[in-house]
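Report on the structure
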Amino acid sequence: MDKGIKVEIGSYIFTIEKVDNLKGTNAETDLMAQKISISDKVSVDIENECILHEVLHAIWYIAIGVCQHAKFTEKQEELVIGHITPFLLDFIRRNPDIIYKIMNRQYLG
Ligand SMILES: [Zn+2]
C-alpha cells in the first residue's frame, strides 16, 4: 500500500507524506518526483500550512512553466508563497461555506 495522500495539482498527481528525515526545513516539494514531504516533527497547524505552502510551490511551477519559472529567483518565489499561504489557509478556515460551494461546483444562490 502506498504511503501518503495523493492530490491532483493541474494534470499532475502528487503524493503528500510525512517523513522523519528533512534537514533544515519543515517541508519540501520534489517537482520531478511529484512528491511533497512534510516533517513528522511539526504541529498540526504547521503541518497544514506547510501542505498549502508546498502545493503553492507546485502550482507556481506548473502554472508558470519551466521557462518562466527560471525568470524568478528562488528567493522571489519563496517571498510570494510565504506571504500568500497563511492568508489562503485563513481564508479556507474562515469561509467553509464558500469552500463547500467551490468543492461542490455550486453556483452562487
Ligand atoms: Zn517555500
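Coordinates for the structure precede this section.
The sections below set out a description of the structure shown in this document. (Residues numbered from 1 in each chain as written. Predicted model: local features only at pLDDT ≥ 70, side-chain atom pairs only at ≥ 80, totals over all residues.)

Section: the pairing of strand E3 (residues 27–30)
Consecutive side chains along a regular strand alternate between the two faces of the sheet. Side-chain alternation along E3 places Ala27 and Thr29 on a buried face and Glu28 and Asp30 on a face that remains uncovered. Between the antiparallel neighbours E3 and strand E4 (residues 35–39) lie four residues, among them Gln34 with a positive phi of about 55°. (Buried ≥ 20, exposed ≤ 12 C-beta atoms within 10 Å, placed from the backbone. Helix = DSSP H or I, 4+ residues; strand = E, 2+ residues; numbered from the N terminus. Pairing = 2+ DSSP bridges.)

Focus: helix H2 (residues 74–94)
The end-to-end C-alpha distance of H2, which contains 21 residues, comes to 30 Å, matching closely the 30 Å that a straight helix rising 1.5 Å per residue would cover. Of all the bends in H2, the greatest reaches close to 25° and is centred on Thr85; the proline Pro86 follows between one and four positions later. (Expected span 1.5 Å × (residues − 1). Bend = angle between axes of the 7 residues up to and from the residue.)

Let's talk about unusual backbone geometry
With the exception of glycine, most residues fall at negative phi, and the peptide bonds are largely trans. The residue Gln34 is not glycine, and still its phi comes out positive at about 55°. By the secondary structure assignment, Gln34 is in the loop between E3 and E4. At Arg105, a residue that is not glycine, the phi angle is positive and equals roughly 55°. Relative to the helices and strands, Arg105 is located in the segment after helix H3 (96–103). Assessed through the 6 C-beta atoms surrounding it within 10 Å, Arg105 is described here as exposed.

With respect to the environment of Asp90
By the secondary structure assignment, Asp90 is in helix H2. Put simply, Asp90 and Glu49 are 41 residues apart on the chain and 9.5 Å apart in space, counted from C-alpha to C-alpha.

Observations regarding the sheet that holds strand E2 (residues 12–19)
In space, the four strands of this open sheet follow the order E1-E2-E4-E3, with mixed pairing throughout. Both outer strands of the open sheet, strand E1 (5–9) and E3, are each paired with one neighbouring strand and no more. The sheet shows a mean angle of 25° between the axes of neighbouring strands, direction not considered. Where E1 meets E2, five bridges bridge the pair, whose relative direction is antiparallel. Across the sheet, Glu8 pairs through a bridge with Ile13, a residue of E2. (Axes fitted to C-alpha atoms, helices over the stretch in contact; angles between N-to-C directions.)

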